[in-house]
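Spelled out from the first residue to the last, the chains are:
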Amino acid sequence: MGEEMNVVEAIDVTYHYPDGTKALEKVNFRVDEGKIVALLGPNGAGKSTLFLHFNGILRPSSGEIKINGNSVEYSKKGLMKVRQTVGIVFQNPDDQLFAPTVVEDVAFGPMNIGLSKDEVERRVRESLEKVGMLGFEKKPPHHLSGGEKKRVAIAGILAMKPKIMVLDEPTSGLDPKGASQILKILYELNEEGMTIIISTHDVDMVPLYANQIYIISQGAIIKEGTPQKVFEDIETIRGANLRLPRIAHLMEILQKEDKLPFEKPYPLTIGQARKRVLKHFEDLQ
Amino acid sequence: MIENTLDNYAYTNSIKDANVSFKVLFAILTVIVCLVSTSPVIPLTITFLMLFLIIFLAKIPFKFYLKFLSIPFIFGFMTFIFMTVFFGISEPWFNIGIFNLAVYKDGLNLGFLVLARIMGCFSCLGFLVLTTPINEIFFLLERFRIPKIIIEIAMMMYRYIFVFLDESGKMYNSQQTRLGYSSLKNTYRSVALLASNLFIKTWSKGEQLYITMESRCYNGSIKTFEVQKSIDIENLFLLLSFEFLLLLGVYLTRGFKVI
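Criteria and thresholds
Residues numbered from 1 in each chain as written. Chains lettered and ligands numbered in written order. Predicted model: local features only at pLDDT ≥ 70, side-chain atom pairs only at ≥ 80, totals over all residues. Heavy atoms only, no water. Helix = DSSP H or I, 4+ residues; strand = E, 2+ residues; numbered from the N terminus. Rg over C-alpha atoms; globule rule 2.2 N^0.38 Å. Buried < 20%, exposed > 50% of the residue type's maximum accessible area, 1.4 Å probe, protein only. Core = buried A, V, L, I, M, F, W, Y, C linked by side-chain atoms within 4.5 Å. Contact = heavy atoms within 4.5 Å. Phe/Tyr/Trp six-rings, centres within 6.5 Å; stacked < 30°, edge-to-face > 60°. Lys NZ or Arg CZ within 6 Å of the ring centre and 35° of its normal. Domains from an automatic or database assignment. Buried area = accessible area lost by both parts, 1.4 Å probe. Salt bridge = Lys/Arg side-chain N within 4 Å of Asp/Glu carboxyl O. Polar contact = N/O pair within 3.5 Å; in protein donor to acceptor, adjacent residues only side chain to side chain. Pairing = 2+ DSSP bridges. Axes fitted to C-alpha atoms, helices over the stretch in contact; angles between N-to-C directions. Expected span 1.5 Å × (residues − 1). Arc of directions from axis to C-beta. Disulfide = S-S within 2.5 Å. Nonpolar A, V, L, I, M, F, W, Y, C, P; charged D, E, K, R; others polar.

For the rest of this paragraph, the subject is the overall build of chain B. A tally of regular secondary structure across chain B gives nine helices and two strands. Listed N to C, the secondary structure of chain B is α-α-α-α-β-β-α-α-α-α-α in terms of helices and strands. The globule rule puts the C-alpha radius of gyration for 259 residues at 18 Å, and the 24 Å found for chain B is more than 25% above it. Taking the principal axes of the C-alpha coordinates as reference, chain B spans close to 70 × 60 × 30 Å. A total of 259 residues make up chain B; the buried ones form 42% of that total.

Take the nonpolar core next. All names here are of chain A. Ranked by internal contacts, the top residues of the largest apolar core, which has 56 residues, are M165 and L186. In contact with L186, other than residues within four places in its own chain, are M165, L167, I196 and I198. Membership of the second largest hydrophobic core comes to 32 residues, among which are V7, L24, L50 and V72.

Residue and element names in this part refer to chain B. One pass over the full model with this rule turns up 22 aromatic pairs over all chains. Measuring from centroid to centroid gives 5.3 Å for Y158 and F162, while their planes differ by 80°, and the two rings are edge-to-face. Linking Y158 with F162, this pair stays in helix 7 (residues 148-177), spanning four residues, or about one helical turn. F162 sits in the buried class, given a relative accessible area of 11%. Over the ring of Y251 we find R254; its NZ or CZ atom is 4.4 Å from the centre of that ring.

So, about the domain arrangement of chain A. Residue and element names in this part refer to chain A. Split by domain assignment, chain A resolves into domain 1 (6-97 + 162-241) and domain 2 (244-285). With 11 residues of domain 1 at the interface, the matching set in domain 2 holds 11 residues. For the domain 1 and domain 2 pair, buried surface summed over both sides reaches about 990 Å², with 62% attributable to carbon and sulfur atoms. If you sort the residues of domain 1 by the area they bury against domain 2, Q228, I234 and R238 come out on top, with a joint share of 42%. Here domain 1 is connected to domain 2 by one salt bridge. In this structure, the salt-bridge partner of E252 is R238, at a minimum N-O distance of 3.1 Å. Put simply, domain 1 and domain 2 have three residue pairs in polar contact (both at pLDDT 80 or more) between them.

Residues and elements named next belong to chain A. The sheet built from four strands is open, its strands ordered 2-1-4-5 with antiparallel pairing. Lying at the two open borders of the sheet, with one neighbouring strand each, are strand 2 (22-32) and strand 5 (70-71). Here strand 1 (residues 6-16) pairs with strand 4 (residues 62-67) via five bridges, running antiparallel. Within the sheet, the bridge partner assigned to T14 lies in strand 4 and is S62. This element, helix 1 (residues 47-54), spans strand 1, strand 2 and strand 4 of the sheet and lies at about 60° to strand 2.

Right, let's talk about helix 7 (residues 176-191) of chain A for a bit. Residue and element names in this part refer to chain A. Taking 1.5 Å per residue as the helical rise, helix 7 with its 16 residues ought to reach 22 Å, and the 22 Å between its terminal C-alpha atoms agrees with that figure. Regarding helix 7, the residues found buried are G178, A179, I182, L183, I185, L186, L189 and N190. Projected down its long axis, helix 7 carries its buried residues within an arc of 155°, all on one side. In helix 7, the exposed residues that point more than 90 degrees away from the buried face are P176, K177, K184 and E191. Buried-residue contacts for helix 7 involve strand 3 (36-40), helix 5 (117-130), helix 6 (146-158), strand 7 (164-168), strand 8 (195-200) and helix 8 (206-209). Once helix 7 finishes, G193 follows within two positions and takes phi at roughly 105°, a positive value.

Right, let's get into unusual backbone geometry. Here K264 of chain A and P265 of chain A are connected by a cis peptide whose omega angle stands at -5°. Along the chain, P265 of chain A falls in the loop between helix 11 (246-256) and helix 12 (270-284). Here K59 of chain B, not a glycine, exhibits a phi torsion of approximately 60°, which is positive. Checked against the element boundaries, K59 of chain B lands in the loop between helix 3 (41-57) and helix 4 (62-86).

Moving on, we get to the domain arrangement of chain B. Entries for chain B in the domain assignment read domain 1 (2-132 + 229-252) and domain 2 (147-215). Measuring from the centre of the C-alpha atoms in domain 1 of chain B to the corresponding centre in domain 2 of chain B gives 34 Å.

This part covers the state of the cysteines. One covalent bond between the sulfur atoms of two cysteine residues makes up a disulfide. Evaluation of the coordinates by the stated rule reveals zero disulfides over all chains. In this structure C121 of chain B is a free cysteine whose sulfur lies 4.3 Å from that of C34 of chain B, the closest cysteine sulfur available.

Moving on, we get to the sheet that holds strand 6 (residues 86-89) of chain A. Residue and element names in this part refer to chain A. The six strands are arranged 6-7-8-3-9-10 in an open sheet whose pairing can be described as mixed. Every other strand in the sheet has two partners, leaving strand 6 and strand 10 (220-225) as the edge strands with one partner each. Across the sheet, the axes of successive neighbouring strands diverge by a mean angle of 20°, strand direction being ignored. Against the sheet, helix 2 (residues 76-85) engages strand 6 and strand 7, with an angle of about 65° to strand 6. Here helix 6 sits on the sheet in contact with strand 6 and strand 7, set at roughly 165° to strand 6.

Residue and element names in this part refer to chain A. With respect to the secondary-structure elements, N190 resides in helix 7. Of the residues examined, N190 reaches a relative accessible area of 17% and is grouped as buried. Contacts of N190, omitting those with residues within four sequence positions, involve G34, K35, I36 and I196.

This part is about the interface of chain B and chain A. Listed per partner, the contact involves 32 residues of chain B and 35 residues of chain A. Buried area between chain B and chain A, both sides added, is near 3,300 Å², and the carbon and sulfur share of it is 60%. On the chain B side of the contact with chain A, R159, R216 and F225 of chain B bury the most area, a combined 30% of that side's loss. For the pair chain B and chain A, the number of links is five salt bridges. Ionic pairing is found between E136 of chain B and K138 of chain A, a salt bridge with its closest N-O pair at 3.9 Å. Our enumeration of links across chain B and chain A arrives at 13 residue pairs in polar contact (both at pLDDT 80 or more). For the side of chain B that touches chain A, the elements supplying multiple residues, two or more each, are helix 1 (2-12), helix 6 (134-143), helix 7 and helix 8 (184-215) of chain B. Of all the elements, helix 8 of chain B adds the most residues to the side of chain B that touches chain A, at eight residues. A breakdown of the residues in the side of chain B that touches chain A according to their chemical character gives 16 nonpolar, eight polar and eight charged.

If you want it as structure tokens, here you go:
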């Protein structure tokens, strides 16, 4: 393919809650195939609301959602199709895991699609293997840790073989190891060609994985671009109740307070910072 | 918490993978034998047999099982006392000396039989509860053609009992942190708040759950995935001959009285 395709596209999406409050205001959001895109925003900015549009749970008051270039059809058949293409992993795994055992829960989606038992079994195995939860099949969800529940929730979506995976705050509430396990899984899925959309307010992690960042504040997209480009605009970031990654903040302080020559753009990850510092020492010698 | 440990044992005991139909049939048939018996001998035999199975075969800790059994025993023992004192129709055996109460022979016999039956039946149910994960029982119910909607509701109730247990535990702690249970009046108020808050949480969790299920193409019925194995002939034969032996015991001891 010569041109990159927008697999998910929101065009001028506005959404009002049933009580009339505006949740989204003319949101434009595009995701290229095979990318990892982060939706960054403070609590209550409308991240989850926007995500629920991507598989047709919510219908925009005005505007349009396109999946793989086609407008979402809100018929029963159309919704089945969209939900097989776009899988959403919700923030709280307890909201998602309802079945008495892990295997039943992971099998829920594929069974709903109407696949044969053999195919369901194969998919359940594959998905559990991908998230490293083989051997937990017969366990009930309340005997799992937070990180394990999250991985099972991801497996439940993987088993439906979506092209696009949407994750609402996938690392919130997890310990560092649990969080990095989740990110590793997402990397691997992305390598295999899955498009991934993540909502988060963890600004330190975002530059590590995201190809593209959108910043949402009070229901509107206020900034978009590569991590470098987005974090250059420090005022906008801080105005949206977010902050720079710690490492970039350190560089900013070193430049402004200690007059060290670490100019913008500030490095966003430890790797970038290391290079910059090494280069500085080389220049000194 | 006892519910929690019960559930834990059901998933971790060493015969959790044994055939479910076999375990259920075994428990139910043995309960029936217990109820049929007119002497306390067989129910007591069953109680000890189950004790043996639960502790040595399923490897449930002895202490836990005793605690588990103490609950029916307390109720059974109270029944026994009342029956001994109030249910006799024949001549009193001896007078206790207070309130003109007397112990009756037939009352004592009947009371002891009831106690034995309670212990026997409860041991059978204990065996089932402690060795069989509940989801397997759901599948069995499905095979018995129990309406699907009932099983689905039961499945979700089972799952969410633990979510709400957790939730109410957290709320309780947070109330206690702010001295919510420092006096009787505060306790009443806090319990009421906890209950109403839990109700609202249930509501919103339900809505959230529906959204997550819809996202996975839910269309009104949960299709179960696992298949159940039936009991093979050999085991069925063993089971039936065991129950027959018990019944034979019931017949042979039919006239047995404690006194």
